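As a plain string of letters, each chain reads:
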Amino acid sequence: MRRLFVGLTAVSVLAAATACGSSGSGGSDDSGSSDAGGTTTVKVGLIPIVDVAPLYLGQKKGFFEERGLKLEFSSAQGGAAIVPGVVSGQFQFGFSNVTSLMIAQSNDVPVKAVANGIASTGVVGEDFEALTVKGDSPIKSPKDLEGKKVAINTLKNINETAVRASVREAGGDPDEVELVELAFDQMPAALDAGRIDAAMVVEPALATIKNQGGREIASPMIDVAPELTVAMYFTSTRYAQENPETVKKFQEATAESLAYADSHPDEVREIVTTYTKIPADVLAKVTLPKWPAEPNRASIEELAKLGEADGLFKKAPDLDELLP
């Protein structure tokens, strides 16, 4: 049944992409728009989390404008929802966890990663993500999650792989864990109210849960691989082929934005207040991810192995084709 569900999920993603015009015949104009001054406006699908702060910061600092680009941001619950939007031309670029990109590619959905996104800090208990429970929960280890309800932002993505890796490493059976979909910003309240037993969260939801007395029981991303490349910015293969100069400008501006964010944490925290509702006192406690210039290929290969073991892929993803 698990493999059947994976197959149905993958097919639905492919069908959504195809129905939106991924073949390139007809459909919406997916090239972006240019004004009289030569500035190209591109739409970017993002998740309203700390991870994407560099793009907001880069837009503010003029890194994209200097290269003739203007970004328009749209929010989504997860990378799995952004992929069809990019392939259909609703967005020219998107932000997605690497697993969702590998699933899409393994189902012949035409996606291409173009720039690095974020990486784990590599420090257990001091990462931007964590598997969390209420402060008074009897759950002490991921093994205790057997038979329990655990929230992740979307099924069949990197967070599912990471939770399963932590449960497996703790000696538990990941197939006995009930995974449910819930947006990151809804997880703190659901956990506090007891509607879920645990939550796999990223910042700023992690800081919110800690602020309400919750605690960490694992750093799942680190259980997958040290300094894991978690997410990347991507486009459709069609857009990359037809708009190489725009893609190059986006790559250059994003690289500058990542470097700036990595070295200016105070400005990162400030920009996060412009697109999330996190209070200032909670924001001060947020653990920032790493924003390296290049993806960690070895960590992505490990993620692919785990995804294959969990039956997420129709066929093995071609990392040479997917990665920049």
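Residues numbered from 1 in each chain as written. Predicted model: local features only at pLDDT ≥ 70, side-chain atom pairs only at ≥ 80, totals over all residues. Heavy atoms only, no water.

Caption draft 1: Highlighting the overall build of the protein. Helix and strand counts for the protein stand at 14 helices and eleven strands. When burial is assessed residue by residue, the protein has 55% of its 324 residues classed as buried. About 13200 Å² of surface is accessible on the protein, with carbon and sulfur atoms providing 50% of the total. (Helix = DSSP H or I, 4+ residues; strand = E, 2+ residues; numbered from the N terminus. Buried < 20%, exposed > 50% of the residue type's maximum accessible area, 1.4 Å probe, protein only. Areas by Shrake-Rupley, 256 points an atom, 1.4 Å probe, with all protein chains shown as cover.)

Caption draft 2: Broad picture of the packing of helix H2 (residues 53-61) against helix H11 (residues 265-272). Running from amino to carboxyl end, H2 crosses H11 at an angle of 95°, the nearest separation of the two axes being 9 Å. Here H2 is positioned roughly perpendicular relative to H11, judged by the angle of their axes. Each of Ala53, Tyr56, Leu57, Lys60 and Lys61 in H2 lies in contact with H11, whose residues at this interface are Glu267, Val268, Glu270, Ile271 and Val272. Taken together, the residues of the contact of H2 with H11 sort by class into six nonpolar, no polar and four charged. (Axes fitted to C-alpha atoms, helices over the stretch in contact; angles between N-to-C directions. Parallel < 35°, antiparallel > 145°, perpendicular 65-115°, else oblique. Contact = heavy atoms within 4.5 Å. Nonpolar A, V, L, I, M, F, W, Y, C, P; charged D, E, K, R; others polar.)

Caption draft 3: Main features of unusual backbone geometry. Here the residue pair Glu203 and Pro204 is connected by a cis peptide bond, since its omega of 10° sits within 30 degrees of zero. Following the sequence through the fold, Pro204 ends up in the loop between strand E9 (198-202) and helix H7 (205-211). Phi angles above zero are rare outside glycine, and Lys156 is one such case at about 60°. Along the chain, Lys156 turns up in the loop between strand E7 (149-152) and helix H5 (158-169). Residue classification places Lys156 among the buried positions, given a relative accessible area of 8%.

Caption draft 4: Summary view of the packing of aromatic side chains. With the rule as written, the count across this model stands at eight aromatic pairs. Taken together through their ring pairs, the aromatic side chains of Phe64, Phe93, Phe95, Tyr233, Tyr239 and Phe250 make up a single cluster. (Phe/Tyr/Trp six-rings, centres within 6.5 Å; stacked < 30°, edge-to-face > 60°.)

Caption draft 5: Helix H10 (residues 244-263), seen in detail. Compared with an ideal rise of 1.5 Å per residue, which puts 20 residues at 28 Å, H10 spans 29 Å between its outermost C-alpha atoms and is within 8% of the ideal. The complete set of buried residues in H10 reads Thr246, Val247, Phe250, Ala253, Thr254, Ser257, Leu258, Tyr260 and Ala261. Along H10, the residues classed as buried sweep out an arc of 165° about the axis, all on the same side. (Expected span 1.5 Å × (residues − 1). Arc of directions from axis to C-beta.)

Caption draft 6: Region of the structure containing empty space enclosed by the protein. Counted according to the given criterion, the structure contains two cavities of 30 Å³ or more. Space inside the largest cavity adds up to approximately 110 Å³. Looking at the lining of the largest cavity, the elements with two or more residues in it are strand E4 (93-97), H5 and strand E11 (229-236). The greatest single-element share of the lining of the largest cavity, amounting to three residues, is contributed by E4. Broken down by class, the residue content of the lining of the largest cavity amounts to ten nonpolar, six polar and one charged. (1 Å grid on protein atoms, 1.4 Å probe; cavity = no way out; pocket = protein on both sides within 12 Å on 5 of 7 lines; lining within 4 Å. Points joined across faces, edges and corners; volume = space filled by probe spheres on them.)

Caption draft 7: How the structure looks around H11. Residues of H11 that are buried include every one of Val268, Ile271 and Val272, and no others. The buried residues of H11 occupy an angular sector of 105° when the element is viewed end-on, so they sit on one face. Contacts from the buried residues of H11 go to H2, H10 and helix H12 (280-283).

Caption draft 8: Focus on the pairing of E11. E11 sits mainly inside the fold: eight of its eight residues count as buried. Of the pairings in the sheet, the one linking E4 to E11 comprises four bridges and is antiparallel in character. For Gly94, the partnering residue across the bridge sits in E11 and is Phe234. With seven bridges connecting them, strand E5 (residues 111-119) and E11 associate as antiparallel partners. (Pairing = 2+ DSSP bridges.)

Caption draft 9: Geometry of the sheet that holds strand E6 (residues 129-133). One open sheet accounts for five strands, arranged E8-E7-E9-E6-E10; its pairing is mixed. The open sheet has two edge strands, strand E8 (178-181) and strand E10 (215-218), and neither has a second partner. Along the sheet, successive strands turn relative to each other by an average axial angle of 35°, direction set aside. Strands in contact with H5 are E6, E7, E8, E9 and E10; relative to E7, the strand with the most contacts, it is inclined by about 140°.

Caption draft 10: Molecular detail of the layout of surface pockets. Quantified by volume, the largest pocket comes out at close to 380 Å³. Around the largest pocket sit 21 residues that line it, and Phe184, Asp185, Pro204, Thr276 and Lys277 are the ones nearest its centre. The element contributing the most residues to the lining of the largest pocket is H7, with three residues. Taken together, the residues that form the lining of the largest pocket break down as 14 nonpolar, four polar and three charged.

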